[in-house]
Number of protein chains: 2
Amino acid sequence: MVKARHSRLDCTPGCAVEAAVSLIDGKWKAVILYHLLDGPIRFNALRRMVGGITQRMLTNQLRELEADGLIHREVFAQVPPRVDYSLSDRGLSLSPIIMALKDWGEANMDLFGRRLAA
Amino acid sequence: MVKARHSRLDCTPGCAVEAAVSLIDGKWKAVILYHLLDGPIRFNALRRMVGGITQRMLTNQLRELEADGLIHREVFAQVPPRVDYSLSDRGLSLSPIIMALKDWGEANMDLFGRRLAA
DNA sequence: GCCTATAGTGTCAAAAAGGATACTGTCAGA
DNA sequence: TCTGACAGTATCCTTTTTGACACTATAGGC
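Quick caveat: nothing in here was measured; it's all calculated off a predicted structure.

(A) Region of the structure containing the sheet that holds strand S1 (residues 41-42) of chain A. All names here are of chain A. Across the sheet, three strands lie side by side as S1-S3-S2; this open sheet has antiparallel pairing. The open sheet terminates on both sides in strands that have one partner only, identified here as S1 and strand S2 (71-76). As paired elements, S1 and strand S3 (residues 82-87) share two bridges and run antiparallel to each other. Bridge assignment links Ile41 to a residue of S3, and that residue is Tyr85. Set on the sheet, helix H4 (residues 55-67) makes contact with S2 and S3; between it and S2 the angle comes to about 115°.

(B) Broad picture of the protein's contact with DNA strand C. In the neighbourhood of DNA strand C, 19 residues make up the surrounding shell, with Lys27 and Val79 of chain A together with Gln55, Arg73 and Tyr85 of chain B lying closest. If you look at DNA strand C and keep only atoms within 4 Å of the protein, 66% of those are sugar or phosphate atoms. Interatomic distance of 2.3 Å between a side-chain N/O atom of Arg73 of chain B and a phosphate oxygen of DNA strand C. Of all the elements in the fold, those that place two or more residues in the surface near DNA strand C are H4 of chain A together with helix H3 (43-50), helix H4 (55-67) and strand S3 (82-87) of chain B. The leading source of residues in the surface near DNA strand C is H4 of chain B, at four residues.

(C) The arrangement of the pattern of salt bridges in detail. The tally for this structure, following the rule as stated, stands at six salt bridges over all chains. The salt bridge involving Lys102 of chain A is made with Asp103 of chain A; its shortest N-O contact spans 3.9 Å. Between Glu64 of chain B and Lys29 of chain B there is a salt bridge, with the nearest N and O atoms lying 2.6 Å from each other. Pair noted here: Glu64 of chain B is in helix H4 and Lys29 of chain B is in helix H2 (residues 29-36), with a separation of 35 residues, a long-range link. Looking at Glu64 of chain B, the relative accessible area reads 28%, which means it is partly exposed. Residue Lys29 of chain B is classed as buried on the basis of its relative accessible area, which comes to 2%.

(D) Structural context of the packing of aromatic side chains. Counted according to the given criterion, the structure contains zero aromatic pairs over all chains. Here the guanidinium or amino end of Arg82 of chain A rests over the ring plane of Phe76 of chain A, the centre of that ring lying 4.3 Å away.

(E) Fine view of the sheet that holds strand S1 (residues 41-42) of chain B. All names here are of chain B. Pairing is antiparallel across the open sheet formed by three strands, whose spatial order is S1-S3-S2. Strands with a single pairing partner mark the edges of an open sheet, and in this sheet they are S1 and strand S2 (71-76). Running at roughly 115° to S2, H4 makes contact with S2 and S3 of the sheet.

(F) The arrangement of the pairing of S3 of chain B in detail. Residues and elements named next belong to chain B. The sheet contact formed by S2 and S3 spans six bridges and is antiparallel. Note on S3: the bridge partner recorded for Val75 is Val83. Between S2 and the antiparallel strand that follows it, S3, lie five residues.

So, how was this worked out
- Residues numbered from 1 in each chain as written.
- Chains lettered and ligands numbered in written order.
- Predicted model: local features only at pLDDT ≥ 70, side-chain atom pairs only at ≥ 80, totals over all residues.
- Heavy atoms only, no water.
- Pairing = 2+ DSSP bridges.
- Helix = DSSP H or I, 4+ residues; strand = E, 2+ residues; numbered from the N terminus.
- Contact = heavy atoms within 4.5 Å.
- Axes fitted to C-alpha atoms, helices over the stretch in contact; angles between N-to-C directions.
- Near = heavy atom within 4 Å.
- Polar contact = N/O pair within 3.5 Å; in protein donor to acceptor, adjacent residues only side chain to side chain.
- Salt bridge = Lys/Arg side-chain N within 4 Å of Asp/Glu carboxyl O.
- Buried < 20%, exposed > 50% of the residue type's maximum accessible area, 1.4 Å probe, protein only.
- Phe/Tyr/Trp six-rings, centres within 6.5 Å; stacked < 30°, edge-to-face > 60°.
- Lys NZ or Arg CZ within 6 Å of the ring centre and 35° of its normal.

Here it is in structure tokens:
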């Protein structure tokens, strides 16, 4: 039951674009999805991969992605807790977007201060 | 001379993704770029196409896109003023991203309240 | 003479996003 | 016994983004 976090779309042309960006905007979501492309991953592992994100933000973003039906959250009843995050089918269908972003970013690193090391 | 609006990229993997989204995030930029794919367009025509954007926001977003080297701004010395906006080569190279967003958005309109009319 | 369109700018305020820090409970290892 | 890892919460605060509204100058049409 996806809640209507995304309203106000009366759908001019270009609305589809707006709808899609609304799911991956913010500083972190696209990066999170990118790392999830490699397969299921635990909360703290993801946190280390993303780098620079606080626990609070990571939790927030993951919850929103889950609410939008893009990722799955699986809790293991273990005692050092374990939670795996993975892409749903819908999330996986975003991969053309994510990869396009990555390719463009790599090809245009010169726009930014530092260059990709290797 | 592109200014360093985009700093802090010490480049973990996934940084390319972060860099790319930083250029098209916000509620409007991707939509603006999408409409620019159809060719040069005047300020107010763009405003009408985007729909719901204020003058101030449109101006802001266009200036940022220009600063990032994604669009050109051509001023005609006429007296009802005329300014055309168009994609630069670099902006045009974003089209895979924009089209991927559009395609995904159209394919997943069911996530959002209303459906694309036709 | 008045209204409209053009492409903006300036100011103020509200809302959203993001960040810092401290806290939870349990178990394994030193 | 003390510490760290795990996956978070809760609270507070700052920064950024977005929106509302008013204002500019000039030319053409009525």
